Amino acid sequence: MHIEPGVVDGAKMVLAYGTAAGAAGYSAKLVMGDLARSNIASFAARTVLATVGVFAFFEILPHFPAGISEVHFILGTTLFLLLGAAPAALGLALGLLIQGALLSPTDLPMFFVNLTTVLVPLFAVDALARRYIPRDRAYVDLAYSDVLKMSAVYQGGVVAWVAFWAFYGQGAGAETFAAVGAFGAAYMLVVLIEPLADLAVLAAAKKLRRTSPGGLFTPRLYAGA
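Chains are numbered independently. Their residues run from 1 in the order of the written sequence. Predicted model: local features are reported for residues with pLDDT of at least 70 only, side-chain atom pairs are reported and counted for 80 or more only, and whole-chain, interface and lining totals are derived from all residues. As a rule here, side-chain values come from all non-hydrogen atoms in the structure, and water together with hydrogens is ignored.

**Some details on the overall build of the chain**
Inference 1: The helix and strand labels rest on DSSP assignments: H or I over at least four residues marks a helix, E over at least two residues marks a strand, and numbering proceeds from the N terminus. Tallying secondary structure elements over the chain gives 7 helices and 2 strands in all.
Inference 2: In the chain, the order of α-helices and β-strands from amino to carboxyl end is α-α-β-β-α-α-α-α-α.
Inference 3: For a compact globule the rule gives 2.2 Å times the number of residues to the power 0.38, and the radius of gyration it is set against comes from C-alpha atoms. For the chain, whose C-alpha radius of gyration is 17 Å, the value lies close to the compact-globule estimate of 17 Å for 225 residues.
Inference 4: Referenced to the eigenvectors of the C-alpha coordinate spread, the extents of the chain come out at roughly 55 × 30 × 30 Å.
Inference 5: Categorising residues by exposure relies on relative accessible area from a 1.4 Å probe, with only protein chains included: less than 20% of the type maximum marks a residue as buried, more than 50% marks it as exposed, and the intermediate range marks it as partly exposed. Burial analysis of the chain (225 residues in total) assigns 48% to the buried set.
Inference 6: Within the chain, contacts between residues at least 6 apart in sequence are counted, and of these 82% link residues at least 24 apart.
Inference 7: Every accessible area reported is derived by Shrake-Rupley at a probe size of 1.4 Å, with residue values counting cover from the shown protein chains alone. For the chain, the exposed area adds up to about 10,200 Å²; of that, 70% sits on carbon and sulfur atoms.
Inference 8: The charge count treats Lys and Arg as positive and Asp and Glu as negative. His and the chain ends do not count. Charged groups are reduced to one reference atom each: NZ for lysine, CZ for arginine, CG for aspartic acid, CD for glutamic acid. Charge-centre separation for the chain: the mean point of 14 positive side chains lies 16 Å from the mean point of 13 negative side chains. By definition in these notes, contact holds between two residues if any of their heavy atoms fall within 4.5 Å.

**Thoughts on unusual backbone geometry**
Inference 1: Here the phi dihedral of Leu75 falls at roughly 55 degrees; this positive angle occurs in a residue that is not glycine.
Inference 2: Locating Leu75 in the fold gives a position in the loop between β2 (69–72) and α3 (76–83).

**What about the packing of aromatic side chains?**
Inference 1: To pair, rings of Phe, Tyr and Trp, with the six-membered ring standing in for Trp, must have centres within 6.5 Å; the planes then decide the type, stacked if under 30 degrees apart, edge-to-face if over 60, and tilted in the middle. Applying the stated criterion across every chain, the model contains 10 aromatic pairs.
Inference 2: Aromatic side chains Trp161 and Phe164 sit 5.6 Å apart centroid to centroid with 80 degrees between the ring planes, which places their arrangement in the edge-to-face category. Taken together, the positions of Trp161 and Phe164, both in helix α6 (residues 144–170) and 3 residues apart, correspond to about one turn of that helix.
Inference 3: Residue class for Phe164 comes out partly exposed when judged on its relative accessible area of 35%.
Inference 4: Between Phe167 and Phe177, the ring centres sit 4.8 Å apart and the planes meet at 55 degrees, which makes this aromatic pair tilted.

**Digging into the side chain of Asp146**
Inference 1: With respect to the secondary-structure elements, Asp146 resides in helix α6.
Inference 2: Assessed through its relative accessible area of 17%, Asp146 is described here as buried.
Inference 3: For this analysis, a polar contact is any N or O atom pair within 3.5 Å, provided that within protein one partner can donate a hydrogen and the other can accept it, and provided that sequence-adjacent residues contribute only side-chain to side-chain pairs. Side chain to side chain, Asp146 and Arg137 meet in a polar contact 3.4 Å long.

**A few points about the nonpolar core**
Generally speaking, soluble globular proteins have nonpolar side chains that are buried together.
Inference 1: Formed by 66 residues in total, the largest nonpolar core has its most connected members in Phe80, Leu92, Tyr139 and Met150.
Inference 2: Residue assignment for this core shows that the elements contributing at least two residues are α1 (13–37), α2 (40–59), α3, α4 (85–102), α5 (111–132), α6 and α7 (174–207).
Inference 3: The leading source of residues in this core is α5, at 10 residues.
Inference 4: Not counting residues up to four positions away in its chain, the partners in contact with Tyr139 are Phe80, Leu81, Ala129, Ile133, Leu202, Arg220 and Leu221. Definition of nonpolar core: a set of buried residues of the types Ala, Val, Leu, Ile, Met, Phe, Trp, Tyr and Cys, connected through side-chain atoms within 4.5 Å.

Next comes the structure, spelled out in structure tokens:
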């Protein structure tokens, strides 16, 4: 999902600044909501876990160039289900920033583009969960169909934003269509694998229900809202 430098540049970056600012504002709203339901120690611990996880996902898990961008196993829904929307959002933002600052400084000009790409689909997953998952159902009790829908929304959102930035920055030429198509086809691998990873993580969490440390996971993991 990394948009490479030069795909969007010049005056067109103004839109990226705007979308990223909107994403940051919505993230702040999620943070305030999370802190109203939990305590700052739990929130800080979950945010650190999300940040470390994102950095590891980007650098350790397989990733490869495909068309207009790179394919990464971001595991955005996994972070959401385990840690909550606000820590997941901050973890994605901080992990992306740290990775760029320490290992890929050439990616930093695209930080706001990539930030929008990974955060807005997360907000869509949060909205989906609020609307369709019964309030009395813990995340560890979700069915495969529930997890598949959430993962498809997240991964589909990432692909849609990558396509948008490509066409916005480079125009709707044949080369852009081919590059976006190659990326979308490669990303189907992620769509197939990540729901299985989510279910495996939820199954492990369910087995550890009685022994898992309090405060390290979102309360919704083991209880209704």
